[in-house]
Each structure stands twice: as structure tokens, then as C-alpha cells.
Amino acid sequence: MKVQFAPRNLPLERRLQTAAVLQWVYSFLALAQTCIILFFVLLFTRFWIISVAYGVWWFLDWDTPSKGGRRSQRLRTHAVWRYMRDYFPITLVKTVDLDPQQNYLLGSHPHGVLVAGAFTNFCTEATGFQKLFPGITPYLLMLPLWFRAPFFRDYIMGGGLIPSDKDSASYLLKNKAGGNAIVIAVGGAPESLNARPGAFTLLLKNRKGFIKLAILHGASLVPVFSFGENELFDQVDNPRGSWLRTIQEKLQGIMGVALPLFHARGVFQYSFGLIPYRKPIATVVGKPIKVMENPNPTNEEIERLHKIYMEELSKLFEEHKAKYNVPADKHLTFV
């Protein structure tokens, strides 16, 4: 395979953009493991006191992730995220205002490989979430597993990430003062196995837990679609029923995380690597679906609201797809 190297005379701005995305990919794929190794390695050096002191702090701070976390405005507004935003670029599109006196549950679609759109829009201020939706505080849900990694847990909490379990989400949604927005990548890790250019298949047909959660707390449901999310990486063919897909699904069931075999470009060349392609992402936030609070929702009530949600998500996609170069014959498929 012939390697296409990046030009030597690239502007500094573009190099900084690539560096910003590189650190994000590393953070997503390997920072947690690095932090765990560092924690234990320090115990066998003259800096052992750092791990011991952190261990005590960790014990005392154990429940913080499930009680709203500990976000850092300094981290969320850091310049590195602006460079990352401009690499693709990523934009946040508002269709209606959100009332800061209410709580919301935002369903983010699609998951993509590395959730680039949801992370940039809801875990940083690079695209201006606070300006577009004043009085609303977003919290992106992430697998609880990652909040058990020393040091790493503090980093992700700084961006506004919280564990993706019922108790963590309920803690924020039951706040009657309003102004909290829980963001759920509904398709989760399994949906990443479908993420490839031109794909519009969403794991949503049997995903109803977030619907029940919204009813329990009377939180308005908001469909969100990131156009371009699936264009960032190529993925090795893994159709359902293939040996590769079977192995991936079994590993996902065991470990709780999916392992898509994805690739795109490198840092200094454009032919292969794990750096995403420079493809634009437009995250469109739809209008809220009013939800009546009910501590004991029936299956019929959940089914009815789930159907409305899918219809509104499809409507959002159809209304905006032409703006983002999606062919007219392409439609969302729910599985």
C-alpha cells in the first residue's frame, strides 16, 4: 500500500488541531489503563505517598461520580477543545429553546466509534452549549467501569461525565429546581459495531430503559442526532452473523465494552492509523417531548412514549438531512 504523507508546510493551526485530536483519541483508548498502571507503579517508588494519599482521597470521594460528579469549568473551556472542534469541524445546532426550570433527558444518536460529537458538544464548551442553552447543565453518561480508574475518574468528571446507571441519572433528574440535562448515547457500545460511513442503523427498537427513566422523573425527552458521526472512521466488515461480529458481541457481553476494528488516518500520513478523518459533524438538538411524571409507569405507557420518541427522532433526521449532504433515499433504520 502506498503511503500518502502529510505535507511538510502545513500551517501551525492544523498541526495543533491534529495534536488536540490525538490526545483525545489517546484519552479515550488508553488513558484509563495508563492511570491504573501509574497508580501501582508509584507504590514501588519513592513517590509511593502519592498513590497512598490518592487512595485515601479515593475512598472518601467514592460516591461523588454518582452524585453529579465534579465538573471543572477550566477543563471544559480549555483551548485544546477549540482546536479539536476545528479539526472536523464540529457544530452544535439548536432548533428550540430549553426551559432552565425543567430537567431533560437527551438521547444522543448515533454512538459512532468514539462519540466525538456528544463529547465535544456536551463535555466541553467549544461549541458554546452554555450560550445556546443558558441555565442548562449537561451531563454525559459513561460506563461506570471507567469511574473505577484512579486519576482518570477525576479527569472525566471534570468534563461533566457521570456513570451510566439509574442511580446517577436519577440523582440529577429528581432535582425539582430543574436545569439538568442527562445525555445518553442510547445505542451504547454495541452500536459502535455498526458505525461506518453511510450507515444510519440505530440500536433503539428495544432500548426503553431511558424512556422509563424519563417517566419516573417527568424529564422531557429530547432527540439529538449528530450528522457525520459515522463518517469519521472506516471499520472492518462485520455483518451480523459473521464470525468477527460473533466474537465482538461475545467480548462485549463479557467486558461490557465493544471492540470495533476501526481505522482512518495517522498523524503524519493519511493512509492508515487511528486518527479520525477530517469530516464535519453537526449535532442537531431537537424539540422536547413533554413527559408526565409517573412513579409506576405501565408497559403500555412506556411503549407509547418510545414510539413517539422514534417518530420525533426520524422527523428530526428527515428535516435536516439535506443540509448535511445525506441522500434523499437514506432513512433511519431501527434495530
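Criteria and cut-off values
- Residues numbered from 1 in each chain as written.
- Predicted model: local features only at pLDDT ≥ 70, side-chain atom pairs only at ≥ 80, totals over all residues.
- Heavy atoms only, no water.
- UniProt positions renumbered as here; feature names shortened; annotations may be inferred.
- Buried < 20%, exposed > 50% of the residue type's maximum accessible area, 1.4 Å probe, protein only.
- Helix = DSSP H or I, 4+ residues; strand = E, 2+ residues; numbered from the N terminus.
- Pairing = 2+ DSSP bridges.
- Phe/Tyr/Trp six-rings, centres within 6.5 Å; stacked < 30°, edge-to-face > 60°.
- Core = buried A, V, L, I, M, F, W, Y, C linked by side-chain atoms within 4.5 Å.
- Contact = heavy atoms within 4.5 Å.
- Axes fitted to C-alpha atoms, helices over the stretch in contact; angles between N-to-C directions.
- Nonpolar A, V, L, I, M, F, W, Y, C, P; charged D, E, K, R; others polar.
- Patch = residues over 30% accessible without salt bridge, like charges linked within 9 Å, V, L, I, M, F, W, Y side chains within 5 Å.
- Areas by Shrake-Rupley, 256 points an atom, 1.4 Å probe, with all protein chains shown as cover.
- Salt bridge = Lys/Arg side-chain N within 4 Å of Asp/Glu carboxyl O.
- Parallel < 35°, antiparallel > 145°, perpendicular 65-115°, else oblique.

As recorded in an unreviewed UniProt entry, the protein goes by Acyltransferase and comes from Xenopus tropicalis. Of the protein, the UniProt comment under Sequence similarities (unreviewed entry) reads exactly: "Belongs to the diacylglycerol acyltransferase family." In its Pathway (unreviewed entry) section, UniProt records this for the protein: "Glycerolipid metabolism; triacylglycerol biosynthesis."

A. The pairing of strand 2 (residues 104-109), seen in detail. The element strand 2 is largely enclosed, with a buried count of 6 among its 6 residues. Side chains Tyr104, Leu106 and Ser108 of strand 2 all project onto a buried face; the interleaved residues Leu105, Gly107 and His109 project onto the opposite face, where all are buried too. Examined bridge by bridge, strand 2 and strand 5 (residues 180-185) share 5 bridges and lie parallel to one another. Directly across from Gly107, in strand 5, lies its bridge partner Ile184.

B. The packing of aromatic side chains, seen in detail. One pass over the structure, following the stated rule, counts 22 aromatic pairs. Relative to Phe262, the ring of Phe233 lies with its centre 4.9 Å away and its plane at 70°, an arrangement referred to as edge-to-face. Of this pair, Phe233 sits in the loop between strand 7 (220-227) and strand 8 (234-235) while Phe262 sits in strand 9 (residues 262-263), placing them 29 residues apart in sequence. As far as burial versus exposure is concerned, Phe233 and Phe262 are alike and both buried. An aromatic cluster of three or more residues is present, and its members are Phe39, Phe40, Tyr54, Trp58, Trp62 and Phe151.

C. Spotlight on the UniProt feature "transmembrane region" (unreviewed entry) in the protein. With numbering aligned to this structure, UniProt lists the feature "transmembrane region" (unreviewed entry) at residues 21-41. Each end of residues 21-41 is marked by a C-alpha atom, and these two atoms are 28 Å apart; helix forms 100% of the span and strand 0%.

D. Quick peek at the nonpolar core. Judged by nonpolar contacts, the single largest core of 49 residues is most densely connected at Val21, Trp24, Met84, Phe88, Leu106 and Phe152. In terms of residue count, helix 1 (residues 12-42) provides more of this core than any other element does, 7 residues in total. Once residues within four sequence positions are removed from consideration, Met84 is found in contact with Ala20, Val21, Trp24, Phe119 and Thr120. Core analysis: the next-biggest nonpolar cluster, separate from the first, contains 34 residues, Ala169, Leu213, Leu313 and Val326 among them.

E. Main features of the packing of helix 1 against helix 2 (residues 48-60). Remark: helix 1 packs on helix 2, axes separated minimally by 7 Å, with the N-to-C direction vectors making an angle of 115°. From helix 1, Leu38, Phe39 and Leu42 reach across to helix 2, where they touch Trp48, Ile50, Ser51, Tyr54 and Gly55. Classifying every residue of the contact of helix 1 with helix 2 gives 6 nonpolar, 2 polar and no charged.

F. Representation of a nonpolar patch on the surface. Together, Ile36, Phe40, Leu43, Phe44, Phe47, Trp48, Ile49, Ile50, Val52, Val56, Phe59 and Leu60 line one region of the surface with nonpolar side chains, adding up to about 1300 Å² of accessible area. At the level of secondary structure, the elements contributing two or more residues to the nonpolar patch comprise helix 1 and helix 2. Looking at the nonpolar patch, the element that brings in the most residues is helix 2, giving 7 residues. Relative to the assigned elements, Phe59 resides in helix 2. With a relative accessible area of 66%, Phe59 lands in the exposed category.

G. Geometry of the packing of helix 10 (residues 209-217) against helix 12 (residues 299-320). It is at 9 Å that the axes of helix 10 and helix 12 come closest, and there the two elements cross at 110°. One element, helix 10, and the other, helix 12, form an angle in the roughly perpendicular class. Facing Phe210, Ile211, Lys212 and Ile215 of helix 10, the residues of helix 12 in contact are Glu301, Ile302, Leu305, His306 and Tyr309. Residue composition of the contact of helix 10 with helix 12, by class: 6 nonpolar, 1 polar and 2 charged.

H. Molecular detail of the sheet that holds strand 10 (residues 281-285). Reading across from one edge, 1-10-7-2-5-3-4 is the order of the 7 strands in this open sheet, with mixed pairing throughout. Whereas interior strands pair on both sides, the edge strands pair on one side only; in this sheet they are strand 1 (90-94) and strand 4 (161-163). In this sheet, neighbouring strand axes are inclined to one another by 25° on average, regardless of whether the strands run parallel or antiparallel. In terms of strand pairing, strand 3 (residues 137-142) meets strand 4 through 3 bridges, oriented parallel. From the neighbouring strand, Leu140 faces strand 4, where its bridge partner is Leu161. Those strands touched by helix 12 are strand 2, strand 7 and strand 10, and its axis lies near 35° from that of strand 7.

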